[in-house]
Amino acid sequence: MTPERPTDSGQPLRTGSGQALARKWRPRTFDELVGQEHVVRALTNALRQNRLHHAWLLTGTRGVGKTTLARIMAKALNCETGVTPAPCGVCPACTEIDGGRFVDLLELDAASNTQVDNMRELLENALYAPASGRFKVYIIDEVHMLSRSAFSAMLKTLEEPPEHVKFILATTEAQKVPVTVLSRCLQFNLKLIPAPEIQSRLAQILAAEDVTFEAAALKVIARAAQGSLRDALSLLDQAIAHGAGRVDEKSVRAMLGTVDQSYLFSILDALGRRDGARVLAIADEMQARSFDFEFALQELATVLHRIALLQTLPDALAADDIDREPLISLAAALAPEDVQLYYQIALQGRSDLPLAPDDYAGFTMPLLRMLAFAPEGPEPWSPPVGESNAVPGTGSSPRAGPASKTSLVSAPSDRQRSGPQPNDWRGLVASLKLGGMACMLAEHSELVGCDAEQLELMVPEAHRHLLEKPYRDKLQAALEAHYGRKLRLTFTLGANSGNTPAGQQDQERQALQRLAIEAIERDPFVRELVENFGARVADDSIHPVESSPSRQSGG
């Protein structure tokens, strides 16, 4: 790449000319296009074999190269060397197309020319032969904005196009283009440009512009561009101005209001250690620095995805990745199921952010949710020994089940002498510090055999997916911590007997539901409504309310 490029007039443009980078470094050949190899390959093969369609439709989001590709196609069709995938760039046709002066290239912005009169005028002009070129090329940008009558006028020409006319349509919303138009075009979808390719392109341009930069800063810009190279170049222009001729990470992050990755790494480290105070302290510091919390949740999900990828495919992380060391450390510290859970919570938190009271609450609530649902997290609050097991103010028993915590946990010496009994399994599961998928595995398992050294669990076939090694290892570690010794844990698949903790809870809920329905049906007022007015009790509208212990005993 050289620091000199032809201007619109065809003369060399020297570095420092003040022209926007997005215009100065706009690709002028197929080889210079970034990230659209699949489209370039198809078009260059068609040009090389002279298999030319009369209409092409280019789709894709903003800034991925639709209009640029259309102009290169116009040069390829009209270059004086002949129809070619490699236009010369120096003949009058090529230089006039680059300069926007080629009389046989007509560009129409459908967003501002939606009416049928504009389209009829354009199509009437299409009947005449080219003035100087080989083909008349019509580039219609944002074609989906045309009115229905304008589409109808265009359709006739698309059905029977003159040999000398080529249409190149571009749109960001292909679903809004009538199917009658779509069926008459060759459609190419331009994809979002991957961030590493954008970063590489930015580095080439800055090297040619002789601008000092940090690779980490370009990485931030490439991510912020979200697949649009044009947006990336606009941000790069802004970054050069913001950094006084230099592009460094600190300056770019300050310009964009984005979060330094170290904050996110620190949050995940604190989550791994279940340090809620540290998590909130980092969030407070981020608020003081006016970071964009929506972008922070987006970046947090990105980091979690990279950690999950590293845990599954260690070779997926490049050896020269600047975040390699902290990512490897977090991948070792966080359990895979924790990472999956945090990722889902981060995504949901980002979608919930507009509904939050404020951005700080919208950011910290997902973090608190991660702490609340984290496996092996802090044990839920329970009343001191000797007090009622009812949760104050609710009149309901704790989620742990009918037995109290003190009855589930025996002295260490007793635990070492005997294993759990099948009827104790539900209470034992409730006493373990489990969460996430490991907790689900325990709740959907039935204890079918045990001795001092081994526990045998049966899992219903419907819950086979819970038998992943990380979940089994987590459950075994929790049981060994509870009993204070090594245990062997074996699993078998079987039929659903209903004797798992989850099955027993479901049976209890169904029994309570039946009792509630019977109580409603026996109610004199309800019976009068049914008998005299033909009313019907909707069973699914009845929800049982558990009584407090004092009421159950008649107090």
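In this text the structure is predicted, and so the values were computed from the model without any measurement. (Residues numbered from 1 in each chain as written. Predicted model: local features only at pLDDT ≥ 70, side-chain atom pairs only at ≥ 80, totals over all residues. Heavy atoms only, no water.)

S.K.: Kindly report on the overall build of the chain, identifying the contributing residues and their values.
M.R.: Assigned secondary structure in the chain consists of 25 helices and twelve strands. Looking at the chain as a whole, 43% of its 555 residues qualify as buried. (Helix = DSSP H or I, 4+ residues; strand = E, 2+ residues; numbered from the N terminus. Buried < 20%, exposed > 50% of the residue type's maximum accessible area, 1.4 Å probe, protein only.)

S.K.: So what's going on with the pattern of salt bridges? Which residues, and what values?
M.R.: Taken as a whole and assessed by the stated rule, the structure comprises 19 salt bridges. For D98, the salt bridge is made with R28, and the minimal N-O distance between the two is 4.0 Å. With D98 in helix 4 (residues 92–99) and R28 in the loop between helix 1 (21–24) and helix 2 (37–48), this residue pair connects regions lying 70 residues apart in the sequence. Note on R28: relative accessible area 11%, which makes it buried. As a salt-bridge pair, R223 and E299 come within 2.9 Å of each other at their nearest N and O atoms. (Salt bridge = Lys/Arg side-chain N within 4 Å of Asp/Glu carboxyl O.)

S.K.: I'd like a rundown of the nonpolar core, residues and numbers included.
M.R.: L268, L271, M286, L300, I307, F363 and M370 are the most contacted members of the largest nonpolar core, which has 36 residues in total. Of all the secondary structure elements, the ones that give two or more residues to this core are helix 12 (261–272), helix 13 (276–288), helix 14 (293–312), helix 15 (324–333), helix 16 (336–352) and helix 17 (359–373). Top contributing element to this core by residue count: helix 14, with ten residues. If we skip the residues at most four places from it in the chain, L271 touches V279, Y342, L367, M370 and L371. Core analysis: the second largest hydrophobic core is formed by 29 residues, L47, I72, M73 and I139 among them. (Core = buried A, V, L, I, M, F, W, Y, C linked by side-chain atoms within 4.5 Å. Contact = heavy atoms within 4.5 Å.)

S.K.: Please give an account of the packing of helix 12 against helix 15 that cites residues and values.
M.R.: As a packed pair, helix 12 and helix 15 sit with axes 10 Å apart at the nearest point and diverge in direction by 15°. With respect to each other, helix 12 and helix 15 are oriented roughly parallel. Remark: the crossing between helix 12 and helix 15 carries left-handed chirality. Judged by residue contacts, F265, L268 and D269 of helix 12 engage P326, L327 and L330 from helix 15. Looking at the contact of helix 12 with helix 15 residue by residue, the classes come out as five nonpolar, no polar and one charged. (Axes fitted to C-alpha atoms, helices over the stretch in contact; angles between N-to-C directions. Parallel < 35°, antiparallel > 145°, perpendicular 65-115°, else oblique. Left-handed = near helix turned anticlockwise from the far one by under 90°. Nonpolar A, V, L, I, M, F, W, Y, C, P; charged D, E, K, R; others polar.)

S.K.: Now, about the sheet that holds strand 4 (residues 105–109): what can you tell me, with residues and values included?
M.R.: Pairing is parallel across the open sheet formed by five strands, whose spatial order is 4-5-6-3-7. Since the sheet does not close on itself, it has two edges, and those belong to strand 4 and strand 7 (186–189), each with one partner. Averaged over all pairs of adjacent strands, the angle between strand axes in this sheet comes to 15°, irrespective of strand direction. With five bridges joining them, strand 4 and strand 5 (residues 136–141) adopt parallel strand pairing. Its bridge partner lying in strand 5, L108 is registered against I140. (Pairing = 2+ DSSP bridges.)

S.K.: Explain the sheet that holds strand 11 (residues 454–460) to me, and be specific about the residues and the numbers.
M.R.: Taken in spatial order, the three strands line up as 10-11-12 in an open sheet, and their pairing is mixed. Looking along the sheet, the strands with just one partner apiece sit at the ends: strand 10 (446–450) and strand 12 (488–494). Direction aside, neighbouring strands of the sheet carry axes that sit 25° apart on average. The pairing of strand 10 with strand 11 spans four bridges and is antiparallel. When the bridges of strand 11 are listed, G449 appears paired with E456. Running at roughly 130° to strand 12, helix 22 (residues 469–483) makes contact with strand 11 and strand 12 of the sheet.

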